[in-house]
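Tertiary structure, described
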Amino acid sequence: MVSACLEWDLMKTEKVDGNEIPEEKPRIAITFDDGPHPRYTEQLLDGLKERDVKAAFFLIGKNAAAYPELVKREYEEGHLIGNHTFHHVDLEKIPEETAMKEIAMTNEAISSVTGEIPQFIRPPFGIRKKDLEKKLKEIPVLWNIDPLDWNTENVDEIVNKVVTKAKDGAIILLHDCYQSSVEAAFQIIDHLQEEGFEFVLPDQFIFE
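So, here is what we can say about the structure in this document.

**Examining helix 8 (residues 179-194)**
- With 16 residues, helix 8 should reach 22 Å at 1.5 Å per residue; the first-to-last C-alpha distance of 23 Å fits that figure.
- Within helix 8, burial applies to Ser180, Ser181, Val182, Ala184, Ala185, Phe186, Ile188, Ile189 and Leu192.
- Where helix 8 is buried, its residues meet strand 3 (27-33), helix 2 (40-51), helix 7 (155-163), strand 8 (170-175) and strand 9 (198-199).

Quick look at the structure:
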């Protein structure tokens, strides 16, 4: 007797030249802003490791400088590390020289631990400054699923907002500075993996 799970796997195939080829899984990326946090980031990393999931972390420079051991762990465990400015500033509301300094200081805080300058940047609040971006080497990474997890401690609400919008190629925005967000992240990952999603780093979408 074939199990229900195996029956589903057998159904998700297509034939090419007479051979059955499994369909590709839908891919999705999960990202975290504003860390590292001395308590919640470590919990998150433990859970991601248990689930064999890689995530993207967009770090605030002052936090990266304060907790280099967490930056090191993120890097050594294969997660993507990006720039989120040193003080989480709105890049449109400060002079360009100050903005460049915010980005450079964050790059230094991260590269002093990893040995690599971040390739990616996430502008705080998602507010892009196009003239500034033309002068940067870092590639901006935004998102298309935002459950506003910073505005609620309701884990179920966060999870529901994400899983109902999940689709192939989506980038999820969460924050690793809240207990509720970490708990929600684990439920989101478990749920979407059961639905057949594969978690990838967002650079896979950018460079395709």
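**Considerations on the side chain of Asp176**
- Considering the arrangement of structural elements, one finds Asp176 in the loop between strand 8 and helix 8.
- With no salt bridge to any partner, buried Asp176 finds its closest opposite charge in Arg122, at an N-O distance of 9.1 Å.
- Within polar-contact distance, the side chain of Asp176 engages the backbone nitrogen of Gly35 at 3.4 Å.
- At 2.7 Å, the side chain of Asp176 and the side chain of Thr41 are in polar contact.

**A closer look at empty space enclosed by the protein**
- Tallying each qualifying case throughout the model produces 1 cavity of 30 Å³ or more.
- When its volume is computed, the largest cavity comes out at roughly 60 Å³.
- In terms of lining residues, the largest cavity is bounded by Leu91, Ile121, Pro123, Arg128, Lys129, Leu132, Glu133, Leu136 and Pro140.
- Its residues assigned to classes, the lining of the largest cavity shows 6 nonpolar, no polar and 3 charged.

**Side note on the pairing of strand 4 (residues 56-59)**
- Of the two faces of strand 4, the one carrying Ala56 and Phe58 and the one carrying Phe57 and Leu59 are both buried.
- Assessed by its sense of winding, the connection that carries the chain from strand 3 through helix 2 to strand 4 is right-handed.
- Taken together, the 4 bridges between strand 4 and strand 5 (residues 80-83) define a ladder with parallel strand orientation. What sits directly across from Leu59, in strand 5, is Asn83.

Cut-offs used in this document
- Residues numbered from 1 in each chain as written.
- Predicted model: local features only at pLDDT ≥ 70, side-chain atom pairs only at ≥ 80, totals over all residues.
- Heavy atoms only, no water.
- Helix = DSSP H or I, 4+ residues; strand = E, 2+ residues; numbered from the N terminus.
- Expected span 1.5 Å × (residues − 1).
- Buried < 20%, exposed > 50% of the residue type's maximum accessible area, 1.4 Å probe, protein only.
- Contact = heavy atoms within 4.5 Å.
- Lys, Arg positive; Asp, Glu negative; His and termini not counted.
- Salt bridge = Lys/Arg side-chain N within 4 Å of Asp/Glu carboxyl O.
- Polar contact = N/O pair within 3.5 Å; in protein donor to acceptor, adjacent residues only side chain to side chain.
- 1 Å grid on protein atoms, 1.4 Å probe; cavity = no way out; pocket = protein on both sides within 12 Å on 5 of 7 lines; lining within 4 Å.
- Points joined across faces, edges and corners; volume = space filled by probe spheres on them.
- Nonpolar A, V, L, I, M, F, W, Y, C, P; charged D, E, K, R; others polar.
- Right-handed = clockwise from strand over helix to strand, strands pointing away.
- Pairing = 2+ DSSP bridges.

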